[in-house]
Amino acid sequence: MTYTVYVRENSRYQDPQAEYRDSVHATLADAIARCQHIVDADLTREPRMSPAARLEMYRLYGADPHIISDPPQGSILFSAWDYAAQRVSADERTDPPAA
């Protein structure tokens, strides 16, 4: 079984031409790690923004990676939006309050 990571920009989610194949992996764990790396790169692009603002910007303009398995599996293998929300939630717990 192989796992292919595809990426579509959130700002162009309805445009099938905007999707591209990023990478192919032998394991689901490797494909998920690649997706997480893509999302993390977007979330850390503007480090001075609050975690909530970074999540909002990600949802508007960030890369939305997803995984397609071959042969196909029936469930969602990775949710970029869920992962981004978890990362931001963790950041909110560790960021000091604004003065």
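Keep in mind the model is a prediction, meaning the values are calculated, not measured.

Novice: Explanation requested: the packing of aromatic side chains in the structure shown.
Specialist: Geometrically, a pair of aromatic rings is defined through the distance of the ring centres and the angle of the planes. Applying the stated criterion across every chain yields a total of 1 aromatic pair. Ring geometry for F78 against Y83: centres 5.9 Å apart, planes inclined by 45 degrees, an arrangement best described as tilted. Neither F78 nor Y83 differs from the other in exposure class; each is buried.

Novice: How should I be thinking about the sheet that holds strand β1 (residues 2-9) in this particular structure?
Specialist: Strands in a sheet are paired, the pairing made by backbone hydrogen bonds, and the direction either parallel or antiparallel. Ordered by their spatial adjacency, 3 strands build an open sheet running β2-β1-β3, and the pairing between neighbours is antiparallel. Lying at the two open borders of the sheet, with one neighbouring strand each, are β2 (20-25) and β3 (63-70). When the angles between neighbouring strand axes are averaged without regard to direction, this sheet yields 25 degrees. Bridge analysis of β1 against β2 gives 5 bridges, and the strand direction is antiparallel. Note on β2: the bridge partner recorded for T4 is V24. Where helix α1 (residues 28-43) meets the sheet, its contacts fall on β1, β2 and β3, and the angle it forms with β3 comes to roughly 170 degrees.

Novice: When you look at α1 in this model, what are you seeing that I'm missing?
Specialist: Three- or four-residue spacings in an α-helix give side chains the same orientation, since the helix completes a turn every 3.6 residues. In this model α1 runs 22 Å from its N-terminal to its C-terminal C-alpha over 16 residues, within 8% of the 22 Å that 1.5 Å per residue would give. Buried within α1 are the following residues: A31, C35, I38, V39, D40, D42 and L43.

The rules we used
- Residues numbered from 1 in each chain as written.
- Predicted model: local features only at pLDDT ≥ 70, side-chain atom pairs only at ≥ 80, totals over all residues.
- Heavy atoms only, no water.
- Phe/Tyr/Trp six-rings, centres within 6.5 Å; stacked < 30°, edge-to-face > 60°.
- Buried < 20%, exposed > 50% of the residue type's maximum accessible area, 1.4 Å probe, protein only.
- Pairing = 2+ DSSP bridges.
- Helix = DSSP H or I, 4+ residues; strand = E, 2+ residues; numbered from the N terminus.
- Axes fitted to C-alpha atoms, helices over the stretch in contact; angles between N-to-C directions.
- Contact = heavy atoms within 4.5 Å.
- Expected span 1.5 Å × (residues − 1).

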